[in-house]
Amino acid sequence: MSVVATVAGATVWVDEVDARELRLRNGPQAAALPAAGSSEGRQLRRWLTQLIVTERVIATEAATRGLTATDAPTEAELLPDATARLEIGSIAAAALAGPRARALFADVTADVRITDDEVADYHARNPLRFATPRTGAYGWLVPAVVAPPLAQVQPAISKHLREALQRRMFRVWLDARRAALVHLAPGYEHPGDPRQPDNTHRH
């Protein structure tokens, strides 16, 4: 049985990737998946490998920190919309479906703070971002044209900036931990690695 990766010295075998792929191909989104054995199919297997090793890194780090799923934030709290998922990346977003991963996210980013100056600067650059829409003709909501005072929107801006910074911090931290702990076998490189032959932009 071939090795696809090691994580902190522990082996990830090809049958684990096979099992993940089989679950997807037997699932409700099977028709949207690329053909097995094609360039895109190999990229899917690389993506699944990245998810598996990321889950292993998270499990290792959570155990080291003594974290459990207890009191983990919800997935909706950490990834409230599609923009948040794009910011953090598809692998991290998929891994955060697990409660221990979310507990780790909370632990890694617990010290993130946003200053009053950062909030004020954001409001100056985006004065209407958190303005309440107006009621227009026929009861339709239309964008506000007058910026609300800073004091009115400060909590919303602070929350927005803090959550974005937490996602960025966790993504950077996770990338660094993967670089330190993960060794990938040839053929299972990151899908975006320009050195692997299937990373070719096509139309």
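Residues numbered from 1 in each chain as written. Predicted model: local features only at pLDDT ≥ 70, side-chain atom pairs only at ≥ 80, totals over all residues. Heavy atoms only, no water.

With an unreviewed UniProt entry as reference, the protein chain is termed Malonyl CoA-ACP transacylase, source organism Mycobacterium simiae.

For the protein chain, the count of helices and strands is 8 helices and 5 strands. The linear arrangement of helices and strands in the protein chain, starting from the amino end, is β-β-α-α-α-α-α-α-α-β-β-α-β. In terms of overall dimensions, the protein chain is more spread out than a globule: its C-alpha atoms have a radius of gyration of 21 Å, far above the 17 Å expected for 203 residues. In the protein chain, which comprises 203 residues, the share counted as buried stands at 34%. When the 24 basic and 23 acidic side-chain charges of the protein chain are each reduced to a single mean position, those positions are 2 Å apart. (Helix = DSSP H or I, 4+ residues; strand = E, 2+ residues; numbered from the N terminus. Rg over C-alpha atoms; globule rule 2.2 N^0.38 Å. Buried < 20%, exposed > 50% of the residue type's maximum accessible area, 1.4 Å probe, protein only. Lys, Arg positive; Asp, Glu negative; His and termini not counted. Charge placed at Lys NZ, Arg CZ, Asp CG, Glu CD.)

Turning our attention to the nonpolar core. Soluble globular proteins: nonpolar side chains tend toward being buried together. Within the largest apolar cluster, 33 residues are counted, with the highest numbers of intra-cluster contacts made by I88, L96 and F170. Every element with two or more residues in this core is listed here: strand 1 (3–7), helix 1 (14–25), helix 2 (39–64), helix 4 (82–88), helix 5 (90–95), helix 6 (99–108) and helix 8 (150–181). Residue contributions to this core peak at 8 residues, all from helix 2. When neighbours within four sequence positions are excluded, F170 is seen to be in contact with I88, L96, L104, F105, V108 and T109. (Core = buried A, V, L, I, M, F, W, Y, C linked by side-chain atoms within 4.5 Å. Contact = heavy atoms within 4.5 Å.)

Attention now moves to helix 8. In a regular helix each residue adds 1.5 Å, so 32 residues correspond to 46 Å; helix 8 covers 44 Å between its end C-alpha atoms and thus fits that length. Largest kink in helix 8: about 30°, centred on A156. Restricting attention to buried positions, one finds in helix 8 the residues V153, I157, L161, E163, A164, Q166, R167, F170, W173, L174, R178 and L181. (Expected span 1.5 Å × (residues − 1). Bend = angle between axes of the 7 residues up to and from the residue.)

What follows covers the packing of helix 6 against helix 8. It is at 10 Å that the axes of helix 6 and helix 8 come closest, and there the two elements cross at 105°. The orientation of helix 6 with respect to helix 8, classified from their angle, is roughly perpendicular. Residues L104, F105 and V108 of helix 6 form the contact with helix 8, whose participating residues are Q166, R167, M169, F170 and W173. For the contact of helix 6 with helix 8, the residue count by class is 6 nonpolar, 1 polar and 1 charged. (Axes fitted to C-alpha atoms, helices over the stretch in contact; angles between N-to-C directions. Parallel < 35°, antiparallel > 145°, perpendicular 65-115°, else oblique. Nonpolar A, V, L, I, M, F, W, Y, C, P; charged D, E, K, R; others polar.)

Right, let's get into the pairing of strand 2 (residues 10–13). With 4 bridges connecting them, strand 1 and strand 2 associate as antiparallel partners. From the neighbouring strand, T6 faces strand 2, where its bridge partner is T11. (Pairing = 2+ DSSP bridges.)

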